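# Observations on the three-dimensional arrangement
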Amino acid sequence: GHNSGEVASALAVETVYSVLRSNIAHTAVDGYFELLIHAIHAAHWEIYTKALSNASFMRMGTTLIVAVLRENKAYIVHAGDSRCYLFQNEPNPHPDPSPEREGNKFKRLTHDHTVGNQLLASGVPIAQIPKKQFNILTQSVGCGDPPYPDFSIVELKQGDLLLICSDGLTDMLTDAEIKAILVNGDASLDAMAVDLIDAANANGGRDNISVVLVTSP
């Protein structure tokens, strides 16, 4: 995130959790988009207001991903460059530990809200975009104008895995490296999360690393 990102991220999680806990039980699934946007905007204004109360918090902000799992669907909303991935490790009649074997599907579900990606989408060749532009956010929670988060609905099958992570992980590991760790990982979600964090730290660990793993029932 921006300045005092650890304060902003904690406040964002607390606010979103409070909003969802108070409203999710009596919200129909077709109202999830409105509810999730409301939760993120509530977090934005909580952070923005707190920043005004202390000069050390000036312009603090954070990226944010919120996912609600209901039956066989995930409802995902996000702002910033934290990411959500879907990993499907389907049985194979011919055991093969290779990450590329048929049955292992790994897909990024979110789009990074950065200047670099904005330029790329407008048609600028990637070779002409300075690497630092991919680290400058076009959306965040708490800093500047309220975000306009992306919203997506993803079909899930039993055993599917959602990985939600900050750029502290994805700046240190390629998608292929992340997939390989999930393919060869322990059955325990906690152990796989530790493996991902350890690998990112081994590659330099230049930023804080947040990792959440969730399986579809």
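Structural data are supplied above this passage.
Residues numbered from 1 in each chain as written. Predicted model: local features only at pLDDT ≥ 70, side-chain atom pairs only at ≥ 80, totals over all residues. Heavy atoms only, no water.

Before going further, it helps to spend a moment on the layout of surface pockets. In this structure, the largest pocket spans a volume of roughly 940 Å³. Taken together, 32 residues form the lining of the largest pocket, with Ser9, Thr62, Thr63, Ser82 and Ser210 sitting closest to its centre. For the lining of the largest pocket, the secondary structure elements donating two or more residues are helix 1 (5–23), strand 1 (64–70), strand 6 (161–165) and strand 7 (211–215). The element that contributes the greatest number of residues to the lining of the largest pocket is helix 1, accounting for eight residues. A breakdown of the residues in the lining of the largest pocket according to their chemical character gives 16 nonpolar, eleven polar and five charged. Its volume calculated, the second largest pocket comes out at about 430 Å³. Around the second largest pocket, the lining comprises 16 residues; the ones closest to its centre are Arg83, Lys131, Phe134, Asn135 and Asp171. (1 Å grid on protein atoms, 1.4 Å probe; cavity = no way out; pocket = protein on both sides within 12 Å on 5 of 7 lines; lining within 4 Å. Points joined across faces, edges and corners; volume = space filled by probe spheres on them. Helix = DSSP H or I, 4+ residues; strand = E, 2+ residues; numbered from the N terminus. Nonpolar A, V, L, I, M, F, W, Y, C, P; charged D, E, K, R; others polar.)

So, about the pattern of salt bridges. In this structure the tally under the stated criterion is four salt bridges. Here lysine 73 ties to glutamate 155 by a salt bridge, and the two come within 3.6 Å at their closest N and O atoms. Of this pair, lysine 73 sits in strand 2 (residues 73–79) while glutamate 155 sits in strand 5 (residues 150–155); the two residues are 82 residues apart in sequence, bridging distant segments of the chain. When its relative accessible area of 25% is taken as the criterion, lysine 73 is described as partly exposed. One salt bridge in this structure joins arginine 83 and aspartate 112, with 2.7 Å as the shortest N-O distance. With arginine 83 in strand 3 (residues 83–89) and aspartate 112 in the loop between strand 4 (104–108) and helix 3 (115–121), this residue pair connects regions lying 29 residues apart in the sequence. For the pair formed by arginine 83 and aspartate 112, the shared burial category is buried. Three or more residues are tied together by salt bridges with common partners; here these are Arg83, Arg108, Asp112 and Asp175. (Salt bridge = Lys/Arg side-chain N within 4 Å of Asp/Glu carboxyl O. Buried < 20%, exposed > 50% of the residue type's maximum accessible area, 1.4 Å probe, protein only.)

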